[in-house]
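# Architecture at a glance
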Amino acid sequence: MERDSLIFLAGHKGLVGSALLRQLKAKGYGNLIVRSHAELDLERQSEVESFFDKERPEYVFLAAAKVGGIWANNTYPAEFIYKNLAIQTNVIHAAWKTGIKRLAFLGSSCIYPRECPQPMNEEHLLSGTLEATNEPYAVAKIAGVKMCESYNRQYGANYVALMPTNLYGPNDNFDLETSHVLPALIRKFHEAKQGVSSQQSAVSGRTAHLSTLATDQPSQPVVIWGTGEPRREFLHVDDLADACIFIMNLDEEDFRPLVSAYRTPLINIGWGKDISIKELALIVKEVIGFEGEMTFDTTKPDGTPRKLLDINRINRVGWSAKISLREGIKLTYKWCLENSIF
Ligand code: GFB
């Protein structure tokens, strides 16, 4: 990408898209196209086609998606499959019709089978049964990967499918019901430290207005969903954004093999190490400085037992993550406080 290339960033307000926007701007890309949902509804095919026809971007980052944590995925399966299929189908097809140079489609490590050998490499796609709590979302994302593969194969397109591990950082969703585990734990430990009675809300999800300060009361234990035993790998979203721009900028010699015909153009993006949810909770507790207890609510699902990505493919082309988990949690908590998230 040249600094004046015309770049369409779909989903610029979300966790991933906002990180991409910050970094593209910081790296000097001045010709960025973004649209709010009100300006362009990506679920509407004709709107998307007219937009591409008029703007004719050269590069596309497809970060727009319906995302959420384990509870949201398990509760709104129809929305997760419909919205993701619609958005990605419309954008990928319209991008091809206008003849863009390169496209990066963002997915998630939940595309790999539930009982996948660890670490999960790109060849493990479609080698087993998916995790039930997020199967509709995963099926939609797998369809996106296969669209990229098919357009590369039939039309000689240059579309890559980037699969990040569990992400966190600024502009994440901090709602206790629909969020992922890391933002939820940051909020829970922060509120427990403040003595805010939000622990019940961790179950009901109605957190926003429960801000009764109870500092003279003994602190309530922080409730962690599930057994605490599942293992996850976490990547700061600024590392992910850096990786996406790095891949999009690979020279032809390194990029071509990734998108060659008859090869799934998948690239895992991760940190390289995983930890248990219990270990994660202990780090968040320490960073936030909460000194009370934590308990485990085993009526909540654990989901996939372990998700650790094999990151050899991206390491081989010269990229690796830089922000450690502890540092990333500190940065995210600082961002929350500065932006009055709670
Ligand atoms: O982050 P999370 O919702 O998503 O949950 P997944 C990870 C683990 O943390 C699960 C546990 O074992 C949860 O039970 N957990 C503990 C909590 N406390 C909490 C809490 O307060 N909130 C949440 N949300 N979890 C999602 C998928 O899977 O992650 C998506 O459903 C997607 O498809 C995404 O792939 C990255 O890692 O289980």
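Everything in this summary refers to the structure shown in the same document. Predicted, not measured: the structure shown is a model, and the values here were computed from it.

The rules behind these values
- Residues numbered from 1 in each chain as written.
- Predicted model: local features only at pLDDT ≥ 70, side-chain atom pairs only at ≥ 80, totals over all residues.
- Heavy atoms only, no water.
- Axes fitted to C-alpha atoms, helices over the stretch in contact; angles between N-to-C directions.
- Helix = DSSP H or I, 4+ residues; strand = E, 2+ residues; numbered from the N terminus.
- Parallel < 35°, antiparallel > 145°, perpendicular 65-115°, else oblique.
- Left-handed = near helix turned anticlockwise from the far one by under 90°.
- Contact = heavy atoms within 4.5 Å.
- Nonpolar A, V, L, I, M, F, W, Y, C, P; charged D, E, K, R; others polar.
- Salt bridge = Lys/Arg side-chain N within 4 Å of Asp/Glu carboxyl O.
- Buried < 20%, exposed > 50% of the residue type's maximum accessible area, 1.4 Å probe, protein only.
- Near = heavy atom within 4 Å.
- Polar contact = N/O pair within 3.5 Å; in protein donor to acceptor, adjacent residues only side chain to side chain.
- Areas by Shrake-Rupley, 256 points an atom, 1.4 Å probe, with all protein chains shown as cover.
- Pairing = 2+ DSSP bridges.
- Core = buried A, V, L, I, M, F, W, Y, C linked by side-chain atoms within 4.5 Å.
- Phe/Tyr/Trp six-rings, centres within 6.5 Å; stacked < 30°, edge-to-face > 60°.
- Lys NZ or Arg CZ within 6 Å of the ring centre and 35° of its normal.

Closest axis-to-axis distance for the helix α4 (residues 77–98)/helix α5 (residues 135–155) pair is 8 Å, and the angle between their directions is 15°. Here α4 is positioned roughly parallel relative to α5, judged by the angle of their axes. The interaxial crossing formed by α4 with α5 has right-handed handedness. Residues P77, F80, I81, N84, L85, Q88, T89, I92, H93 and W96 of α4 lie in contact with α5, whose contacting residues are P136, Y137, V139, A140, K141, A143, G144, M147, C148, Y151 and Y155. Taken together, the residues that form the contact of α4 with α5 break down as 15 nonpolar, five polar and one charged.

What follows is about the pattern of salt bridges. Per the counting criterion, the structure on display carries 24 salt bridges. Residues R56 and D53 are paired through a salt bridge, measuring 3.3 Å at the closest nitrogen-oxygen approach. Residue R114 is joined to E115 by a salt bridge in which the shortest nitrogen-to-oxygen separation is 3.2 Å. The partly exposed category is assigned to R114, whose relative accessible area is 29%. Each of the salt bridges in this network shares a partner with another, and the network as a whole consists of R231, D274, E279 and R306.

Before going further, it helps to examine the site of the ligand. Near the ligand lie 22 residues; those nearest to it are S108, K188, R232, P301 and D302. Separating an oxygen atom of the ligand from a side-chain N or O atom of N73 is a distance of 3.1 Å. At 2.6 Å, a backbone N or O of D302 approaches an oxygen atom of the ligand. The fraction of the free accessible surface of the ligand (690 Å²) that becomes covered by protein chains is 97%. Those elements that place two or more of their residues in the shell around the ligand are α3 (70–75), α6 (181–194) and β7 (222–225). Broken down by element, the residue count for the shell around the ligand peaks at three residues, all from α6.

This paragraph deals with the pairing of strand β1 (residues 7–10). Side chains I7 and L9 project from β1 onto one buried face, and the interleaved F8 and A10 project onto a second face that is buried too. Judged from the two bridges that link them, β1 and strand β2 (residues 32–33) form a sheet pairing that is parallel. Across the sheet, the residue bridging to I7 is L32, located in β2. Note: β1 against strand β3 (residues 59–62), four bridges, orientation parallel. Looking at the pairing, F8 lines up with V60 of β3.

Formed by 80 residues in total, the largest nonpolar core has its most connected members in F52 and F61. By residue number, the principal contributor to this core is helix α8 (residues 237–248), which donates eight residues. One finds F174, L280, L325 and C336 within the second-largest nonpolar core, a separate group that totals 24 residues.

With respect to the helices, strands and loops of the structure, I87 is situated in helix α4. Between the alpha carbons of I87 and E43 there is a distance of 5.0 Å; along the sequence they are 44 residues apart. Beyond its immediate stretch of four places on either side in the chain, I87 contacts L42, E43, L62, A64 and A65.

Turning our attention to the side chain of N166. For N166, the location among the structural elements is in strand β6 (residues 166–168). Those residues in contact with N166, other than ones at most four positions away along the chain, are S109, R232, E233, F234, L235 and K307.

It is worth spelling out the packing of aromatic side chains at this point. On inspection of all chains with the given rule, the structure shows twelve aromatic pairs. Between W71 and Y76 the ring centres are 5.8 Å apart and the planes differ by 80°, which places this aromatic pair in the edge-to-face class. According to the relative accessible area criterion, Y76 is partly exposed, its value standing at 31%. On the basis of an interplanar angle of 85° and a centroid distance of 6.0 Å, the ring pair of F174 and F342 is categorised as edge-to-face. Here F174 is found in the loop between β6 and α6, whereas its partner F342 is found in the segment after α12 (325–338), with 168 residues between them in sequence. Under the relative-accessibility criterion, F174 is labelled buried at 5%. Among the residues examined, F342 registers a relative accessible area of 29% and is labelled partly exposed. Linked through ring pairs, W96, Y151, Y155 and Y159 together constitute an aromatic cluster. A cation over an aromatic ring shows up here: K300 above the ring of W225, its NZ or CZ 5.6 Å from the ring centre.

A word on unusual backbone geometry. Note the cis peptide between Q118 and P119, where omega equals -10°. For P119, the position within the fold is in the loop between β4 (102–106) and α5. A positive phi angle, close to 45°, is found at R56, a residue other than glycine. With respect to the helices and strands, R56 occurs in the loop between α2 (45–55) and β3. Judged by its relative accessible area of 42%, R56 falls in the partly exposed class. Its identity as a non-glycine residue notwithstanding, S340 has a phi of 45°, on the positive side.

No statement about biological role is implied by the geometric values presented.
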